[in-house]
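Next come the chains, spelled out residue by residue.
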Amino acid sequence: MLDEALLQQLPSALDPTTMAASQVVGEQLSTSEWLGPLAPVALSPFFGLAVLSGIGTYGPEALQQRSAIFQSGGSLDSPLLFWSMAGLALFTSLPRLTKVSKPISLAAEKLEAYSAIVILICVRMFGSQFQAGAPELQMGTQMGLEGHASSELMLSAGVGTVSFNVMMSAFAALNIFVVNVVKLFFEFLVWLIPVPAIDAVVELCNKSLCGALMALYCYSPWLATLVNLAILACSLIVFLWVYRRMNYYKDLIAGPALAWLLPSWFGQRGQTFQAFVESSTQRLPKYLPVTLTSEGGSYRAVGRRGFSRLEWILKPIDQQTVSENGWICQRLKLIDSEGKSFVLSYRKWVAGDSLYKTPSTVAAI
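Below is a summary of the structure that appears in this document. (Residues numbered from 1 in each chain as written. Predicted model: local features only at pLDDT ≥ 70, side-chain atom pairs only at ≥ 80, totals over all residues. Heavy atoms only, no water.)

Some thoughts on the pairing of strand 3 (residues 298–305)
Here 6 bridges tie strand 2 (residues 289–295) to strand 3, and the two strands are oriented antiparallel to one another. Residue Ser294 lies in a different strand from strand 3, and its bridge partner there is Tyr299. Counting the residues in the hairpin turn of strand 2 and strand 3 gives 2 residues, including Gly296, whose phi is positive at 70°. Relative to strand 4 (residues 308–316), strand 3 is paired through 7 bridges, and the arrangement is antiparallel. Paired with Ala301 across the bridge in strand 4 is Trp312. In sequence, strand 3 turns back onto strand 4 through a hairpin of 2 residues, with Gly306 there showing a positive phi of about 70°. (Pairing = 2+ DSSP bridges. Helix = DSSP H or I, 4+ residues; strand = E, 2+ residues; numbered from the N terminus.)

Observations concerning the pairing of strand 2
A regular strand carries its side chains on alternate faces of the sheet. As defined by bridge partners, strand 1 (residues 272–280) adjoins strand 2 across 5 bridges and the pair is classed as antiparallel. Bridging from a neighbouring strand, Gln274 pairs with Thr291 of strand 2.

Structural notes on the packing of helix 4 (residues 45–58) against helix 6 (residues 79–93)
Each pair of packed helices can be described by the angle between their axes along with the distance between the axes. Closest axis-to-axis distance for the helix 4/helix 6 pair is 8 Å, and the angle between their directions is 150°. Classified by the angle their axes make, helix 4 and helix 6 are roughly antiparallel. Our pair here, helix 4 against helix 6, has a crossing hand that is left-handed. Listed contacts from helix 6 to Phe46, Phe47, Leu49, Ala50, Ser53, Gly54, Thr57 and Tyr58 of helix 4 are Pro79, Leu81, Phe82, Trp83, Met85, Ala86, Leu88, Ala89 and Thr92. For the contact of helix 4 with helix 6, the residue count by class is 13 nonpolar, 4 polar and no charged. (Axes fitted to C-alpha atoms, helices over the stretch in contact; angles between N-to-C directions. Parallel < 35°, antiparallel > 145°, perpendicular 65-115°, else oblique. Left-handed = near helix turned anticlockwise from the far one by under 90°. Contact = heavy atoms within 4.5 Å. Nonpolar A, V, L, I, M, F, W, Y, C, P; charged D, E, K, R; others polar.)

What to know about the pattern of salt bridges
A full pass over the atoms with the stated rule returns 13 salt bridges. For Glu203, the salt bridge is made with Arg96, and the minimal N-O distance between the two is 4.0 Å. Here Arg96 lies in the loop between helix 6 and helix 7 (102–107) and Glu203 lies in helix 10 (residues 198–219), a separation of 107 residues in the sequence. Side by side, Glu203 and Arg96 carry an identical accessibility label, which is buried. With a shortest N-O distance of 2.4 Å, Glu203 and Lys207 are connected by a salt bridge. Placement of the pair is Glu203 and Lys207 together in helix 10, with a separation of 4 residues, close to one helical turn. Glu203 gets classed as buried once you look at its relative accessible area, which sits at 6%. Counted as one network, the salt bridges with shared partners bring together Arg96, Glu112, Lys183, Glu187, Glu203 and Lys207. (Salt bridge = Lys/Arg side-chain N within 4 Å of Asp/Glu carboxyl O. Buried < 20%, exposed > 50% of the residue type's maximum accessible area, 1.4 Å probe, protein only.)

Side note on the packing of helix 4 against helix 10
At a minimum axis separation of 10 Å, helix 4 and helix 10 run at an interaxial angle of 35°. Note that helix 4 runs across helix 10; the crossing there is right-handed. Of the residues in helix 10, those touching helix 4 at Phe47, Gly48, Val51, Leu52 and Ile55 are Lys207, Cys210, Gly211, Met214, Tyr217 and Cys218. The class makeup of the residues in the contact of helix 4 with helix 10 is 8 nonpolar, 2 polar and 1 charged.

Description of the packing of aromatic side chains
The description of an aromatic ring pair rests on the distance of the ring centres and on the angle between the ring planes. Here the structure, examined in full by the defined rule, presents 17 aromatic pairs. Ring geometry for Tyr249 and Tyr287: centres 6.3 Å apart, planes at 55°, overall tilted. Here the residue Tyr249 occupies a position in helix 11 (residues 221–261), and Tyr287 occupies one in the loop between strand 1 and strand 2, the gap between them amounting to 38 residues. An angle of 65° between the planes, with centres 6.5 Å apart, marks the rings of Trp265 and Phe266 as edge-to-face. The exposed category is assigned to Trp265, whose relative accessible area is 68%. Among the aromatic side chains, those forming a connected cluster through ring pairs are Phe188, Trp191, Tyr248, Tyr249, Phe276 and Tyr287. (Phe/Tyr/Trp six-rings, centres within 6.5 Å; stacked < 30°, edge-to-face > 60°.)

Below is the structure:
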C-alpha cells in the first residue's frame, strides 16, 4: 500500500521537473526552426518576413503544424504584420529595378535589415516566453504550487529560457547583419555595371532565391538551417574584406551628396577628416579607415586594426604636390618618420565642408 501511495504521488512530484526539462529541450529542438529562415530574411528582409507572416497567418494548417514559428496564435500570425511587410517589400523592391532609383533602395537597405532584426527579436523574446510561461501558470493553478523546491526549479528553467532566447536573438542579429552586408556589396557592384536591365534581373533572382530558401525551410527546417549556416560561414570569410570596401565606396560616392544636402550632419568640420589606406609599406589592410588631422605641414593619422590602436605622424613625400585630385576621390602621398610610405584616399570636398577651399595642387589621375 505504501508503494502504491508513493507511485501515485511520484508523477505530481516530478511534473514540475519534467516540465522544466521539457521546456529546455523544447527550446533546443526549436533551434532549426529559428535558424532556418534567417538566410532568406537576410537576403530580402521585408520580403522574407512577409512570407513567414503570410504562412503563419494564411498558410495551410498542415504547414503551420510542421513548425512552431508558424503556429496559430503565434507572433507571426498577424494580418497587420503580413500586409505591412508585403507593402514595404513592394515599396523597397520597385526602386531596385532601375539604375536611377536603385541608390535610394541601397541607402535604405541597412534600415530594412535592422527592422527585420528588431521584429525577429521581438518574436523570439516575447512570443517564446509567453508560450513557455502558459504551461507553468496552468500547472501552478492545478497543483497549487506544491513545493518550494519545485518553484525554484521552475524559476531556474525560466532564467535558462531567457538566457537561451537572448543568445539565439544575438546570433540571429549577427547572421542577418553579416549576410545582408555581403549581399548589399554585390548589389552595389551590379549597380556599377552599365547594363540597364541587369538590376531588374538581379532583383528577380534575389526574390526567387529567397522564395526557394523559404520553400526549403517549409520542407525541412534542419536542411534549411544547414544551408543558412553554410551561407553564413562563406559570408564571414569575406566579411571584413567586403565591409571595408563598402565603407570606402559609400564615403566616396554618397559622402559628397550627403554633405551637400545636409552639411550640418554630414559635412566635414575643422582640420579633421576620414581617409582610407589605399596602399602602404606597413602591409595594412586595403581601405582601412583612418582619421586624419592636419597639423601645420604634417598629418596625425589614427586608426584601429582589430583591438589595437594605431597612430602615426605623416608628412607629404613631395611638398610641391600636397594632394592629387581625381574623378571621385583625392589622394595624399605621405611618409612617416621611419621612411614608410602611405597612400591615403578621401572623398571630394563640397561647399558644405570646412576644407572645401583648402589650396591644393591638382593633378589629373
